[in-house]
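# Analysis of the macromolecular model
What follows is each chain in one-letter form.
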Amino acid sequence: MEKRAKTQFWLEFFLDGLSLWLGFAISFVILKLFSERLDERPISEWIQYIVLLGASYIATFLLFHTSIDIHQRNRLVEVVNILKNDVLVFLVFLALLLLFKNELMVIRRLYALVFAFYLLFTSISRYYLKRWLTGSFSEQKSKIASYTGVLTVKDRAENFVSELKEDWSVKVTGVALLDNFVENGRFVYDKNLLFGSQDESSTVATKKKINFPHIICDDVPVIATDNRFLDWIRSAPLDEVFINLPYEYSEDISEIVEELESMGVTVHINVPTLDNMLNESNFNNINCKMYAGYPIATFAPAVHSSSQLALKRFVDVVFSIIGIILSIPIIAVVAVPLLIESPGPLIFKQERVGKNGRIFKMYKLRSMYKDAEKRKAELMKHNKMDGLMFKMDNDPRITKVGRIIRKLSIDELPQFVNVLKGDMSLIGTRPPTVKEFEQYENRHKRRLSMRPGITGMWQVSGRSDIIDFEEVVRLDCEYIDNWSTLLDIKIFFKTIKVVLTHKGAE
């Protein structure tokens, strides 16, 4: 929930920041006690030191903070997350100290002590934060949890309430079982009884009676099974009400929702259409918003942080400019033998399919003879790929110089221009040709749901050894589902290794 995510985010931000400040303060005092002449350093250097440390922390936390709910993070995940964040903070801090040539970076004991205390304090604070938020110190939920009521039916109560209780931001105080109001997919009731004056003897006409336990899900009581559920909501200290009923028509319970809204209670209501769709869907990311005055549900295969995507694009622009500058002399050197062996254009332009089907022209150094595309049809019988891509051993269309620049991945250098233009990214999935794309099945298009890249998961997994197109799709989808800035960094270094060792290159 949005409340849970925001609360958890700011609590972790505050506690991690406090841990860093305490680590610095204690380290400073310890070094002073052991006669380190810290006060002889210029005050301006100390101010810059503290500012750079704070900036490193804020930037790293905002870009790499995990969105996984604290309740779902086991000890191993938590330890890995703490180590990753703390190490990244101090790597960024070290880089900034070197960049600004801060004199205090020579005090290595201060740097090491601050890091050690920061790691210690973040571990302790995260442990106690988790226990506090999840109510582990007592049988009660966290003090910041919302008091919540549930309107549901007997068949759904146990599982639904159990799942809600896993959420530290929700404290379920009672349940109303409304089986008496449900009949053949309709939520029916006597309006006069429901909204009129009510007393202890009033009952709802119904054909079926249910037996119910007074307590479900350990400590959650069943408050009502008739029209008195509104009296309970009216008088009880409730912040939110969850409605999970098997109705088919929204008008059946619209007045109930309006009545709860009039009490100032936040209402969460299930949508039967979505219930059915989610049972058949592989997507687990769904968001509901108002668009043009209509409530619209959004399904997405993967949700990525907008701040990390912005950082990805920034890195693409910076490194593509650097790549273009470094590529110019390399291209100038290989251009002469390329053109001598095979006269024609130096740069090969080919229409490729980018993000979600966008067509763009991808640039490469021409490593084949000019008539390569025309000869492809007659060579298809030698295709060693099982699926919608073409690869063959000893492709006769490749020139001798072209084979060398392919081995060294020099033919890919002009794609830095594609990255700068925004057609591609440094790291991503490999863009298919238009003809390949036209043969895609629906599920194959998912590999194009992110901007294509010069390199990616497939390329660093031994691209020449993978001959099954479905394996390529699997690797690309794995990249999309698990994408993060850290994953891009891993692929980047693996790419350097692949280029240097020529492993998997053709």
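Above this text sits the structure in question.
Residues numbered from 1 in each chain as written. Predicted model: local features only at pLDDT ≥ 70, side-chain atom pairs only at ≥ 80, totals over all residues. Heavy atoms only, no water.

### Notes on empty space enclosed by the protein
We count it as follows: The pocket and cavity definitions rest on a 1 Å grid over protein atoms only: a 1.4 Å probe that fits but cannot leave marks a cavity, an open set with protein on both sides within 12 Å along at least five of seven lines marks a pocket, and residues lining either have an atom within 4 Å of a point. Grid points are joined across faces, edges and corners, and a volume is the space filled by probe spheres set on the points. Each helix corresponds to a stretch of at least 4 residues labelled H or I by DSSP, and each strand to a stretch of at least 2 residues labelled E; elements are numbered beginning at the N terminus. Any residue outside Ala, Val, Leu, Ile, Met, Phe, Trp, Tyr, Cys, Pro, Asp, Glu, Lys and Arg is labelled polar, Gly included; the first ten of those are nonpolar and the last four are charged.
Counted according to the given criterion, the structure contains 1 cavity of 30 Å³ or more. There is about 40 Å³ of room inside the largest cavity. Secondary-structure elements contributing two or more residues to the lining of the largest cavity are helix 2 (43-64) and helix 3 (75-100). Along the lines of polarity and charge, the residues of the lining of the largest cavity split into 4 nonpolar, 2 polar and 2 charged.

### Things to note about the environment of glutamate 478
Topologically, glutamate 478 is positioned in helix 15 (residues 469-481). Sequence separation between glutamate 478 and methionine 457 is 21 residues, and the spatial gap between their C-alpha atoms is 8.3 Å.

### Brief notes about the pattern of salt bridges
Keep this limit in mind: For this document, the term salt bridge refers to a Lys or Arg side-chain nitrogen within 4 Å of an Asp or Glu carboxyl oxygen. Summary of the burial criterion: residues with accessible area below 20% of their type's maximum are buried, those above 50% are exposed, and those between are partly exposed, where the area comes from a 1.4 Å probe applied to protein chains only.
Throughout the structure, instances matching the rule amount to 13 salt bridges. Between aspartate 481 and arginine 446 there is a salt bridge whose closest N-O contact spans 2.2 Å. Of the two residues, aspartate 481 sits in helix 15 while arginine 446 sits in the loop between helix 14 (434-438) and strand 14 (453-455), which places them 35 residues apart along the sequence. Since its relative accessible area comes to 25%, arginine 446 is described here as partly exposed. Glutamate 471 is the partner of arginine 474 in a salt bridge, and the nearest nitrogen-oxygen pair spans 2.7 Å. With a gap of 3 residues between them, arginine 474 and glutamate 471 both fall in helix 15, about one helical turn apart. Judged by relative accessible area, which is 41%, arginine 474 ranks as partly exposed. A residue is classified by how much of its surface remains accessible, and glutamate 471, at 27% relative accessible area, is partly exposed. Each of Asp16, Glu78 and Arg126 takes part in one network of salt bridges that share partners.

### As for the packing of helix 2 against helix 10 (residues 306-341)
Each packed pair of helices is defined by two parameters, the angle between the axes and the distance between the axes. Under the convention used in this document: What counts as an axis is a line fitted to C-alpha atoms, over the stretch in contact for a helix, and the angles between N-to-C directions run from 0 to 180 degrees. For this classification, under 35 degrees means roughly parallel, over 145 means roughly antiparallel, 65 to 115 means roughly perpendicular, and everything else is oblique. By definition in these notes, contact holds between two residues if any of their heavy atoms fall within 4.5 Å.
For the pair helix 2 and helix 10, the least separation of the axes is 8 Å and the interaxial angle reads 110 degrees. When the interaxial angle is binned, helix 2 and helix 10 end up roughly perpendicular. Residue-level contacts link Leu62, Leu63 and Phe64 of helix 2 to Ser307, Gln308 and Leu311 of helix 10. Partitioning the contact of helix 2 with helix 10 into residue classes produces 4 nonpolar, 2 polar and no charged.

### Side note on the side chain of serine 320
Along the polypeptide, serine 320 turns up in helix 10. For serine 320, a relative accessible area of 0% translates into the label buried. Dropping the residues within four chain positions of it, serine 320 is found in contact with Val315, Phe416, Val419 and Leu420.

### Details of the environment of threonine 429
Among the structural elements, threonine 429 can be located in the loop between strand 13 (425-427) and helix 14. Along the chain, threonine 429 and tryptophan 458 lie 29 residues apart, while their C-alpha atoms are 7.6 Å from each other. For threonine 429, the contacting residues outside a window of four places in its chain are Arg447, Met450, Arg451, Pro452, Gly453, Asp476, Tyr479 and Ile480.

### Overview of helix 3
What counts, and what does not: One less than the residue count of a helix, multiplied by 1.5 Å, gives the span that helix is expected to have.
Between its first and last C-alpha atoms helix 3 spans 37 Å; for 26 residues at 1.5 Å apiece the expected length is 38 Å, and the two agree. Those residues of helix 3 lying buried are Glu78, Asn81, Ile82, Asn85, Asp86, Leu88, Val89, Phe90, Phe93, Leu96 and Leu97. Positive phi shows up at lysine 101, right after helix 3, with a value of about 55 degrees.

### Some details on a nonpolar patch on the surface
Under the convention used in this document: The residues that make up patches have over 30% relative accessible area and no salt bridge, and they are joined within 9 Å when like-charged or within 5 Å when they are Val, Leu, Ile, Met, Phe, Trp or Tyr. For the accessible areas, the method is Shrake-Rupley and the probe is 1.4 Å, while residue cover comes only from the protein chains on display.
Together, Phe314, Val315, Val318, Phe319, Ile322, Leu326, Ile489, Phe492, Phe493, Ile496 and Leu500 give the surface a local cluster of nonpolar side chains, amounting to about 1000 Å² of exposed area. Listed by contribution, the elements that provide at least two residues to the nonpolar patch are helix 10 and helix 16 (485-501). Of the residues forming the nonpolar patch, the biggest block, 6 residues, is contributed by helix 10. Its location among the elements puts phenylalanine 492 in helix 16. On the accessibility criterion, phenylalanine 492 (37% relative accessible area) is partly exposed.

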